[in-house]
Amino acid sequence: KNPNENGYNIPLDLSFAFHTDAGTTLNDSIIGTLGIYTRLSNGDSVFPTGTSRITNRYLADLVQTQIVNDVRTLYEPIWERRGLWDRSYSESRSPKVPSMLLELLSHQNFADMRYGLDPNFRFTVSRAIYKGILKYLNVTQNKQYVVQPLPVKSFSADVADNRVNLKWLPVNDTLEPTAKPAKYIVYKRVGDGGFDNGRIAEKNTF
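Colleague: Quick one: what's the story with unusual backbone geometry, residue by residue and with numbers?
Modeller: Backbone phi values are negative for most residues with the exception of glycine, while trans is the configuration of most peptide bonds. In this model, N142 sits at a positive phi of 55°, which is unusual for a non-glycine residue. In this structure, N142 sits in the loop between α4 (119-141) and β5 (153-160). Even without glycine at this site, S154 takes up a positive phi of about 50°. Looking at the secondary structure, you find S154 in strand β5.

Right under this line is the structure:
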């Protein structure tokens, strides 16, 4: 992706920087999520491949939109979308591939951190970032995507006649229609040894 310099021949698709912002509000309202991209880098408006740097804005928009929509749906209907900034920050200016800087929330503001310290919220946000990046690759590289299904629930292991019978239930992802498991992979290890390469389970039992 950067033919003008020697590298390790690793084709990086994009660069993503994850920040939490500083600042508080007098009435302790939610500060929310900001997306930052850089349109020009040292006066240059294209990447080494010839791709316009405006693609940075598309990346920032898709990731920010996914986060805000998912958070509003599952946690807080008035979660703030602060906007998209075209600013010259190193994280979004220096990379030779499409890049963005995310300011997820304010780590000094109580209303934001009520959610920021919740592990379920963190999982939702991380998954939203992943989904936003998938959608960006879909738009820019015409690659179809399937979002990884959510972890299973109600897992059990029943021992009978020297056999272990495993059972579980899939979890429906109400935010993502593609996240439906078609099969499962069950990994096994004996004692302190390493896990094997896994075996396919067609159903939710093994």
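Colleague: How would you explain helix α1 (residues 55-74) if you had to name every residue and give the values?
Modeller: With 20 residues, α1 ought to run about 28 Å at 1.5 Å a step, and its terminal C-alpha atoms sit 29 Å apart, in line with that. Among the residues of α1, those classed as buried are T55, N56, L59, A60, V63, Q64, Q66, I67, V68, D70 and V71. Structurally, α1 contributes buried residues whose contacts are with β1 (15-21), β2 (33-37), β3 (81-86), α2 (90-93), β4 (99-106) and α4.

Colleague: Please give an account of the side chain of Q66 that cites residues and values.
Modeller: Its location among the elements puts Q66 in helix α1. What makes Q66 buried here is its relative accessible area of 8%. Not counting the four nearest positions on each side in its chain, Q66 is found in contact with A128, K131, G132 and K135.

Colleague: If you had to explain the sheet that holds β2 to someone new, which residues and values would you point to?
Modeller: Reading across from one edge, β1-β4-β2-β3 is the order of the 4 strands in this open sheet, with mixed pairing throughout. With partners counted over all chains shown, the strands left at the sheet margins are β1 and β3, one partner each. Taking each pair of neighbouring strands and ignoring which way they run, the sheet shows an average axis angle of 20°. Pairing geometry for β2 and β4, over 3 bridges, is antiparallel. In the strand pairing of β4, I36 is matched with L101. Against the sheet, α1 contacts β1, β2, β3 and β4, and its axis sits at roughly 170° relative to β3.

Colleague: Account for the nonpolar core, naming residues and giving values.
Modeller: It is characteristic of soluble globular proteins that their nonpolar side chains tend to be buried jointly. Within the largest apolar cluster, 24 residues are counted, with the highest numbers of intra-cluster contacts made by V63, I67, W79, F121 and I129. For this core, the elements supplying multiple residues, two or more each, are α1, β4, α3 (110-116) and α4. Top element by residues in this core is α4. It accounts for 7 residues. With 5 residues, the next largest nonpolar core counts L166, W168, V186 and A201 among its residues.

Colleague: Explain the pattern of salt bridges to me, and be specific about the residues and the numbers.
Modeller: If charged atoms from side chains of opposite charge come close, those side chains can pair. Applying the stated rule across the entire model yields 6 salt bridges. One salt bridge in this structure joins K131 and D70, with 2.9 Å as the shortest N-O distance. Residue K131 is found in helix α4, and its partner D70 is found in helix α1; the two are separated by 61 residues along the sequence. Here K183 and E202 are joined by a salt bridge, their closest N and O atoms 3.8 Å apart. Taken together, the residues span a long stretch of sequence, with K183 in the loop between β6 (163-169) and β7 (184-186) and E202 in the segment after β8 (199-201) at a distance of 19 residues. Look at E202 and you get exposed, because its relative accessible area is 53%.

Colleague: Could you give me a rundown of the pairing of β3, with the residues and numbers involved?
Modeller: One ladder, built from 5 bridges, connects β2 with β3; its direction is parallel. Pairing of L34 across the sheet is with G83, part of β3. For the crossover that starts at β2, traverses α1 and ends in the parallel β3, the hand is right-handed.

What counts, and where the lines are drawn
Residues numbered from 1 in each chain as written. Predicted model: local features only at pLDDT ≥ 70, side-chain atom pairs only at ≥ 80, totals over all residues. Heavy atoms only, no water. Helix = DSSP H or I, 4+ residues; strand = E, 2+ residues; numbered from the N terminus. Expected span 1.5 Å × (residues − 1). Buried < 20%, exposed > 50% of the residue type's maximum accessible area, 1.4 Å probe, protein only. Contact = heavy atoms within 4.5 Å. Pairing = 2+ DSSP bridges. Axes fitted to C-alpha atoms, helices over the stretch in contact; angles between N-to-C directions. Core = buried A, V, L, I, M, F, W, Y, C linked by side-chain atoms within 4.5 Å. Salt bridge = Lys/Arg side-chain N within 4 Å of Asp/Glu carboxyl O. Right-handed = clockwise from strand over helix to strand, strands pointing away.

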